[in-house]
Amino acid sequence: MILERINQLVDYAINHGLITYEDRIWAINRLLEKLRIGSYESVEFKECDDLQQILSEIIEYAGENGLLEGEGTVYSDLFDASVMGLLTPPPHDVIKTFKDKYSVSPESATEWYYDFSKSTDYIRTYRVKKDLKWVTHSVYGDIDITINLSKPEKDPKAIAAAKSAPQSGYPKCLLCAESEGFSGNLRYPARQNHRIIPMDLYGEKWYLQYSPYVYYNEHCIVLCSEHRPMQINRALFERMMDFITILPHYFLGSNADLPIVGGSILSHDHMQGGRYVFAMEKAPVIKDLYFDGYSDVEAGIVKWPLSVIRLTSKNRKQLLDLAEKILDNWRVYSDKDYFIFAETDGEKHNTITPIARRKGESYQLDLVLRNNITTEEYPLGVYHPHQDKHNIKKENIGLIEVMGLAVLPSRLKKEMADLEYAILENRDLEKDEELSKHSKWFDSFKDKYTFTKENTWEILQQQIGNTFVAVLEDAGVYKCNEKGLKGFLKFTDTVNSKK
């Protein structure tokens, strides 16, 4: 059986362009060595393109023969990444193929690289498919909702083992280029089957890779070759423009550079992009803006729950000059009437989440105004999901959520399934230890509906989506209403008043 799986895996690698037919004997021998099999004979086997099935049976063999260091997903992931690493081409071959494809078109290059990243099992498509996804209609457009199930959860034994395992400073973080080919450990995922593409952005060396969790189509990460903190500045805007010049079919954005309103990794400078149209991109401008000295730039306030200034121009320099001026003004801007404070007790609060894209020959840059101030009433952030919504979303509102895609915690799959049954059984949620967190949330809409087996899950989906929209509204420094627009215009007026 194991020899059949080895042959199937080698054929899979040939069929997906990871190796050639001439590599077949070499590849079989590498796998025999990995699995500590001392002899081999030709066997009949059926071709199989189901990588998950092939690898799961190889993992099963490895477990039965003492080749895994422990039980659970963490250990099996470490092992199967090392198996696929044996069949993954070296970086120089991958880079050459990318360049060859790019000479045909940027789309050909990224399409090939994305398929390659799935074929090597770096992107575990069978896990991504488990994510729950739907669309919620709102006044701001169609909002994408996902319950993320692709990230494997560590079991208690693996967590305990990781605590006692020796620590290493290499690689420094998950986004370091040194992750390419790294064998991994209990604290750090294996990346033997991972390859990255070098890019020159504004005179610096950066790398392109895809996210292993692909929250949307061709979800890419662009990471700095140097391990340094995130920083929103003119140089970042320049790099974003370079990127969308090289890959004009992709958008590129950056998380903000401050805690609470930033992403989960602030210690390594990086951006995220891809080939997807988010609801925010489709949102219309509701108020035109005019900035003296920037006649080539179309500007306006976007109809969106967060506070967005959209700039569009064929004149790259003028667009970036204005973007830099808006950023610099926002960094120091305060308005106590709208509870906006640039700094308190020496801590800076204002920053921007920028998103860049091409519109034909024009460049477009969305600047999302952010503020991370906290209070006793809102200890996690005034412009952060408020406590009444923490049963659905408590985590930071980063770049992906800002654009209109909810990445909700995996716990919601079970909790919502349990809640569905509890609703149909008319149970008292307050008396349920696991579901009591959702009691007040359910009370807020239960009288609007008659719940049946056929509609309860659909209603819960809609209410989860509505709650996420409200979360985005919490994150907006200026609310999308008449009062908010008035305050927004007070700020934009300061951009015109400062020369």
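Residues numbered from 1 in each chain as written. Predicted model: local features only at pLDDT ≥ 70, side-chain atom pairs only at ≥ 80, totals over all residues. Heavy atoms only, no water.

Participant: How do you make sense of the nonpolar core when you look at a structure like this?
Facilitator: One broad trend across soluble globular proteins is that nonpolar side chains are buried collectively. Counting 93 residues, the largest nonpolar core has L9, L208, F243, L311, I326 and Y478 as its most contacted members. Among the elements that make up this core, the one with the highest residue count is helix 1 (residues 2–15) (eight residues). (Core = buried A, V, L, I, M, F, W, Y, C linked by side-chain atoms within 4.5 Å. Buried < 20%, exposed > 50% of the residue type's maximum accessible area, 1.4 Å probe, protein only. Helix = DSSP H or I, 4+ residues; strand = E, 2+ residues; numbered from the N terminus.)

Participant: Explain the sheet that holds strand 1 (residues 132–138) to me, please; I cannot follow it from the model alone.
Facilitator: Each strand in a sheet pairs with its neighbour through backbone hydrogen bonds, running either in the same direction (parallel) or in the opposite one (antiparallel). Read across the open sheet, the three strands follow the order 1-2-15; overall the sheet is mixed. If you trace the sheet from one side to the other, it starts and ends with strand 1 and strand 15 (405–408), each paired once. Averaged over all pairs of adjacent strands, the angle between strand axes in this sheet comes to 20 degrees, irrespective of strand direction. In this structure, strand 2 (residues 141–147) lies alongside strand 15, joined through four bridges in parallel fashion. (Pairing = 2+ DSSP bridges. Axes fitted to C-alpha atoms, helices over the stretch in contact; angles between N-to-C directions.)

Participant: How should I be thinking about unusual backbone geometry in this particular structure?
Facilitator: Working note: non-glycine residues mostly have negative phi, and peptide bonds are mostly trans. Omega for the peptide link from Y170 to P171 comes to -15 degrees, which places this bond in the cis form. On the secondary structure map, P171 appears in the loop between helix 8 (156–164) and strand 3 (197–201). With a phi angle near 75 degrees, D121 is a residue other than glycine that sits in the positive phi range. Within the secondary structure, D121 is located in the loop between helix 6 (106–119) and helix 7 (125–128). Residue D121 is classed as buried on the basis of its relative accessible area of 2%. Backbone geometry places E218, a non-glycine residue, at a positive phi of 50 degrees. Along the polypeptide, E218 turns up in the loop between strand 4 (204–210) and strand 5 (220–224). For E218, a relative accessible area of 5% translates into the label buried.

Participant: I tried to follow the pairing of strand 13 (residues 350–359) on my own but got confused; where do I start?
Facilitator: Regular strands place side chains that alternate from one sheet face to the opposite one. By the criterion of burial, strand 13 is predominantly enclosed, with eight of the ten residues buried. By the bridge criterion, two bridges tie strand 6 (residues 251–253) to strand 13 in an arrangement that is antiparallel. The residue bridging G253 from the neighbouring strand is I355, located in strand 13. For strand 13 and strand 14 (residues 362–371), the ladder comprises ten bridges, and the chain directions are antiparallel. Each bridged residue has a counterpart across the sheet, and for I355 the counterpart in strand 14 is D366. Hairpin connection from strand 13 to strand 14: two residues lie between these consecutive antiparallel strands, with G360 at a positive phi of about 65 degrees.

Participant: Would you mind going over the environment of Y21 with me for this structure?
Facilitator: Locating Y21 in the fold gives a position in the loop between helix 1 and helix 2 (24–34). Taking relative accessible area as the criterion, Y21 reaches 61% and is therefore assigned exposed. In the structure, Y21 is positioned ten residues away from D11 in sequence and 8.4 Å away in space, judged by C-alpha atoms.

Participant: Explain the pairing of strand 7 (residues 270–274) to me, please; I cannot follow it from the model alone.
Facilitator: The element strand 7 is extensively covered by neighbouring structure, given that five of its five residues are classed as buried. Burial along strand 7 is two-sided: the face carrying H270, Q272 and G274 and the face carrying M271 and G273 are both buried. Of the pairings in the sheet, the one linking strand 6 to strand 7 comprises three bridges and is antiparallel in character. If you follow L252 over to strand 7, its bridge partner there is G273.

Participant: What should I look at first to understand the packing of helix 5 (residues 91–104) against helix 6 in this one?
Facilitator: The description of two packed helices rests on the angle between their axes and on the distance between the axes. As a packed pair, helix 5 and helix 6 sit with axes 5 Å apart at the nearest point and diverge in direction by 145 degrees. Judged by residue contacts, V94, T97, F98, K101, Y102 and V104 of helix 5 engage P106, S108, A109, T110, W112, Y113 and F116 from helix 6. Here the contact of helix 5 with helix 6 is composed, by residue class, of nine nonpolar, three polar and one charged. (Contact = heavy atoms within 4.5 Å. Nonpolar A, V, L, I, M, F, W, Y, C, P; charged D, E, K, R; others polar.)

Participant: It is not clear to me how the state of the cysteines should be interpreted in this structure. Could you clarify?
Facilitator: In a disulfide, the sulfur atoms of two cysteines are held together by a covalent bond. The final tally for this structure, using the stated rule, is zero disulfides. In this structure C176 is a free cysteine whose sulfur lies 3.8 Å from that of C173, the closest cysteine sulfur available. Looking at the unpaired C220, the closest cysteine sulfur is the one in C224, lying at 15 Å. Classification of C220 by relative accessible area gives buried; the value is 0%. (Disulfide = S-S within 2.5 Å.)

Participant: What's the story with the sheet that holds strand 3 in this structure? I'm lost.
Facilitator: Taken together, the ten strands give an open sheet; going across it, the order is 3-4-5-7-6-13-14-10-9-8, and neighbouring strands pair in antiparallel fashion. Each edge of the sheet is formed by a strand with only one pairing partner; in this case those strands are strand 3 and strand 8 (285–289). Ignoring strand direction, the axes of neighbouring strands in this sheet form an average angle of 25 degrees. Lying over the sheet, helix 9 (residues 234–246) contacts strand 3, strand 4, strand 5, strand 6, strand 7, strand 13 and strand 14, oriented at roughly 20 degrees with respect to strand 13.

Participant: Honestly, the packing of aromatic side chains in this entry has me stumped. Any pointers?
Facilitator: Any pair of aromatic rings gets described here by the distance separating the centres and the angle formed by the planes. Counting across every chain of the model gives 27 aromatic pairs. Here the aromatic rings of F251 and F278 are separated by 5.4 Å at their centres, their planes lie at 90 degrees, and the arrangement is edge-to-face. With a gap of 27 residues between them, F251 in strand 6 and F278 in the loop between strand 7 and helix 10 (279–282) connect regions that are remote in the sequence. Its relative accessible area of 4% is what places F251 among the buried residues. Consider the rings of F445 and Y449, whose centres lie 6.4 Å apart with planes at 75 degrees: the pair is edge-to-face. Classification of F445 by relative accessible area gives buried; the value is 1%. Accessibility expressed as a relative area gives 31% for Y449, which makes it partly exposed. Taken together, the ring pairs in this structure connect F98, W112, Y113, Y114, F116 and Y210 into an aromatic cluster. Just above the ring of Y363 sits the side chain of R358; from NZ or CZ to the centre is 4.3 Å. Between the NZ or CZ atom of K483 and the centre of the ring of Y338, over which it lies, the distance is 5.8 Å. (Phe/Tyr/Trp six-rings, centres within 6.5 Å; stacked < 30°, edge-to-face > 60°. Lys NZ or Arg CZ within 6 Å of the ring centre and 35° of its normal.)

Participant: Honestly, the pattern of salt bridges in this entry has me stumped. Any pointers?
Facilitator: It is possible for side chains bearing opposite charge to pair when their charged atoms get close. Summed over all chains, the structure comprises 40 salt bridges. Residues K490 and D335 are paired through a salt bridge, measuring 2.9 Å at the closest nitrogen-oxygen approach. With a gap of 155 residues between them, K490 in helix 16 (residues 482–497) and D335 in the loop between helix 11 (316–331) and strand 11 (343–344) connect regions that are remote in the sequence. The buried category is assigned to D335, whose relative accessible area is 6%. A salt bridge links K414 to D418; the nearest nitrogen and oxygen atoms lie 2.7 Å apart. You can see K414 and its partner D418 sitting in helix 13 (residues 411–424), four residues apart, about one turn around the helix. Exposure remark for D418: the relative accessible area of 26% places this residue in the partly exposed category. Each of R234, E238, D242, R316, K317, D321 and E324 takes part in a single network of salt bridges with overlapping partners. (Salt bridge = Lys/Arg side-chain N within 4 Å of Asp/Glu carboxyl O.)

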